[in-house]
Amino acid sequence: MNATATTLLIAAAAAALVDWWAVSRNDRRWEAVLKPLTMALLVGVAATAGQPDTGVRVALVLGAALGLAGDVALLGESEGRFMAGLAAFAAGHLCYVAAAIQVGWSNWALVGVAAVVVMFGARFLTRVVPGARRLGGPVLAGAVVFYGAVIAAMMITAWGAAGVGHPAWLAGVGAVLFAASDWVLGHTRFAGPLPGGRLAVMVPYHAGQALLILGIALA
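Reference entry: report on the structure contained in this document. None of these values were measured; they are calculated from a predicted model.

### Comments concerning the overall build of the protein
- Helix and strand counts for the protein come out as 7 helices and 0 strands.
- What you see in the protein, going N to C, is helices and strands ordered as α-α-α-α-α-α-α.
- Relative to its length of 219 residues, the protein is compact, with a C-alpha radius of gyration of 16 Å against a globular reference of 17 Å.
- With the C-alpha coordinates aligned to their principal axes, the bounding extent of the protein is approximately 45 × 40 × 25 Å.
- Residues classed as buried in the protein amount to 50% of the 219 residues present.
- About 9,500 Å² of surface is accessible on the protein, with carbon and sulfur atoms providing 71% of the total.

### Things to note about unusual backbone geometry
- Positive phi, close to 55 degrees, is recorded for N26, a residue that is not glycine.
- Its place among the elements puts N26 in the loop between α1 (3-24) and α2 (28-48).
- Positive phi, normally seen in glycine, also occurs at R123, with a value near 75 degrees.
- Assignment of secondary structure puts R123 in helix α5 (residues 109-162).
- R123 gets classed as partly exposed once you look at its relative accessible area, which sits at 39%.

### Regarding the packing of helix α6 (residues 169-190) against helix α7 (residues 199-217)
- Contact geometry of α6 with α7 gives a least axis separation of 7 Å together with a crossing angle of 155 degrees. Taken together, the axes of α6 and α7 lie roughly antiparallel to each other. In this structure, α6 meets α7 at a crossing whose hand is left-handed. The segment α6 lies against α7, with L170, A171, V173, G174, A175, L177, F178, S181, V184 and L185 engaging A200, V201, P204, Y205, A207, G208, Q209, L211, L212, G215 and I216.
- Classifying every residue of the contact of α6 with α7 gives 16 nonpolar, 5 polar and no charged.

### Digging into the side chain of Q209
- Examined against the element boundaries, Q209 turns out to sit in helix α7.
- Side chain to side chain, Q209 and Y96 meet in a polar contact 2.6 Å long.
- Those residues in contact with Q209 that lie beyond four places of it in its chain are M39, L42, G67, F89, Y96 and F178.

### With respect to the packing of aromatic side chains
- Under the counting rule described, the total for this entry stands at 6 aromatic pairs.
- Taking 5.7 Å as the distance between ring centres and 80 degrees as the angle between the ring planes, the aromatic pair formed by F82 and F190 counts as edge-to-face. Of this pair, F82 sits in helix α4 (residues 79-103) while F190 is found in helix α6, placing the two residues 108 residues apart along the sequence.
- Classification of F82 as buried rests on a relative accessible area of 8%.
- Of the residues examined, F190 reaches a relative accessible area of 5% and is grouped as buried.
- Here F178 and Y205 contribute two aromatic rings whose centre-to-centre distance is 5.4 Å and whose plane-to-plane angle is 70 degrees, an arrangement assigned as edge-to-face. Residue F178 is found in helix α6, and its partner Y205 is found in helix α7; the two are separated by 27 residues along the sequence.

Definitions and limits used
- Residues take numbers from 1 onward in each chain, read along the sequence in its written order.
- In view of the model being predicted, local features appear only for residues whose pLDDT reaches at least 70, and side-chain atom pairs are presented and counted only at 80 or more, with totals across whole chains, interfaces and linings using the full set of residues.
- Values shown for side chains rest on all heavy atoms present in the structure; no hydrogens or waters enter the calculation.
- We count a stretch as a helix when DSSP gives it H or I for four or more residues in a row; a strand needs E for two or more, and each element gets its number in order from the N terminus.
- Computation of the radius of gyration draws on C-alpha atoms, with the globule rule given as 2.2 Å multiplied by the number of residues to the power 0.38.
- Think of it in three bands: with a 1.4 Å probe and only protein chains considered, a residue is buried below 20% of the maximum accessible area for its type, exposed above 50%, and partly exposed in between.
- Note on areas: Shrake-Rupley with a 1.4 Å probe; residue coverage comes only from the protein chains shown.
- Between N-to-C directions, angles cover 0 to 180 degrees, with each direction set by a line fitted to C-alpha atoms, over the stretch in contact for helices.
- The cut-offs work like this: below 35 degrees is roughly parallel, past 145 is roughly antiparallel, 65 to 115 is roughly perpendicular, and the gaps in between are oblique.
- A crossing counts as left-handed when the near helix is turned anticlockwise from the far one by less than a right angle, and as right-handed when that turn is clockwise.
- In what follows, a contact means two residues having at least one pair of non-hydrogen atoms within 4.5 Å.
- Three residue categories are used. Nonpolar comprises Ala, Val, Leu, Ile, Met, Phe, Trp, Tyr, Cys and Pro, charged comprises Asp, Glu, Lys and Arg, and polar comprises the others, including Gly.
- We define a polar contact as two N or O atoms separated by no more than 3.5 Å, with the added condition that, inside protein, one atom must be a possible hydrogen donor and the other a possible acceptor, whereas residues neighbouring each other in sequence contribute only through side-chain atom pairs.
- Only the six-membered ring of Trp is used, alongside the rings of Phe and Tyr, when aromatic pairs are assigned; centres must lie within 6.5 Å, and planes under 30 degrees apart are stacked while those over 60 apart are edge-to-face, with the rest tilted.

Nothing here speaks to function; it is all geometry.
So this is what it looks like as structure tokens:
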């Protein structure tokens, strides 16, 4: 990895650590700056790390940029901003799917399938989706199901690319962490709180985004 990407990655890690500190203190003012800053720096990593072909690079940068847009949308608490964030992240996941497919495909995709089975079986279909329907009706429940399907595709394709070689496996690990963050967020919003609070969302989110980007960029 070149010096520019390394510097941006270190800066992103530092911003994430301070953001986690702000989350632990429920300091929303610092979060409003540090959460999008972390993702903006990871957009830079996606644009500069490795030497993937143009199609992979474009898809990867778009995926990270849409993650940044989703972060900004979710700084608000309204249902409208939540739906905007959901749409941005769903589009970002689809960009990561496109990037991973271009990297390659292997039987490691079965690891992603197993992760999907666990995620959907762990209260997503039985608690999160019914909770979304109860709070927002069939439209919100349908959006949550669609988002879950997009995450599933992202995990499967990321693990499919992970078998291409070192360090592509990082993409698979990052995809699972990213999905875990979304699972916790969805459970907290629609089914009830979980241990760890918002830190249980932010830590795997930042780690997952970073590993997913690096795994694909350096494959």
